[in-house]
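Listed below, chain by chain, are the residues.
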Amino acid sequence: METTYGYIRVSSHDQNEDRQLIAMQQMNIPKRQIYMDKQSGKDFNRPQYCYMVEHLEKDDLLYITSIDRLGRNYNEILEQWRVLTKVKEIDIVVLDMPLLDTRRGKDLMGTFLSDIVLQVLSFVAENERKNIRQRQAEGIAAAKERGVKFGRPEIELSEDFEKIIQAWQRKEISIYEVVEYLQISESTFYRRLREYRTTEK
């Protein structure tokens, strides 16, 4: 008897998986058969996906919400599709693209049309990711030109920073006491010390 699975992937631990989870629940997939990875696109380490694929058997059914859940680029998506449909011999349903439902049109023409749609969508998904990264890079560059600073705001140091340095250099106070007093980390202290010495020259 075929088993129905659902696979969810979100690109970081901050991204919400609720939309994909609701879509899977609407397909009446048992919770224990829904696999989810929360990984960055950079690493693309997907332990739950790999575990699920190992347990897939012929004629099982896999639901995914969109084609880019299978890979981070055009070639990877096509390769995963090949492994799932040709090697594992399972069916796949892509919820946001009804044409990509391998249960339909299993004749030669149906397979041919499905493969064309898959290649087009994989190409579009990869290009969209590239465009998003490019727009982000351009936005950051433009913001930097306007003087926008990224990262945590610089901590304002105590007015008696110079006296604290001198006391520390005379070994009157320890580095632990210095960072406790200034409320900064040890690495921040040494960085600010280098900056201070540079301005003093």
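For the structure given in this document, a descriptive report is provided here. Here the residue numbers are simple positions, counted from 1 along each chain's written sequence. Reporting of local features is limited, given that this is a predicted model, to residues whose pLDDT is at least 70; pairs of side-chain atoms are given and counted only at 80 or more, and all residues count toward the totals for whole chains, interfaces and linings. Hydrogens are left out, water is left out, and the side-chain values use all remaining heavy atoms of the structure.

1. Digging into the pattern of salt bridges
Right, on to step 1. Criterion for a salt bridge: a side-chain nitrogen of Lys or Arg within 4 Å of a carboxyl oxygen of Asp or Glu. Inspection of every chain in the model, using the stated rule, returns seven salt bridges.
Right, on to step 2. With its nearest N and O atoms 2.8 Å apart, the salt bridge here joins aspartate 101 to arginine 103.
Right, on to step 3. Counted as one network, the salt bridges with shared partners bring together Arg191, Arg192 and Glu195.

2. A short note on the packing of aromatic side chains
Right, on to step 1. Ring pairs shown here join Phe, Tyr and Trp side chains whose ring centres sit within 6.5 Å, with only the six-membered ring taken for Trp; geometry is labelled stacked below 30 degrees between planes, edge-to-face above 60, and tilted in between. Going through the model one piece at a time under the given rule, you end up with seven aromatic pairs.
Right, on to step 2. Between tyrosine 35 and tyrosine 51 the ring centres are 6.0 Å apart and the planes differ by 45°, which places this aromatic pair in the tilted class. Pair noted here: tyrosine 35 is in strand E2 (residues 34-38) and tyrosine 51 is in helix H2 (residues 47-55), with a separation of 16 residues, a long-range link.
Right, on to step 3. With a relative accessible area of 12%, tyrosine 35 lands in the buried category.
Right, on to step 4. Joined through ring pairs, the aromatic side chains of Phe161, Trp168, Phe189 and Tyr190 make up one cluster. Numbering of helices and strands runs from the N terminus, with a helix taken as a DSSP run of H or I at least four residues long and a strand as a DSSP run of E at least two residues long. Remark: exposure states derive from per-residue accessible area (1.4 Å probe, protein chains only) relative to the maximum for the residue type, with buried under 20%, exposed over 50%, and partly exposed in between.

3. Some words on unusual backbone geometry
Right, on to step 1. The residue aspartate 59 is not glycine, and still its phi comes out positive at about 75°.
Right, on to step 2. On the secondary structure map, aspartate 59 appears in the loop between H2 and strand E3 (61-64).
Right, on to step 3. Residue classification places aspartate 59 among the partly exposed positions, given a relative accessible area of 42%.
Right, on to step 4. Backbone geometry places glutamate 89, a non-glycine residue, at a positive phi of 60°.

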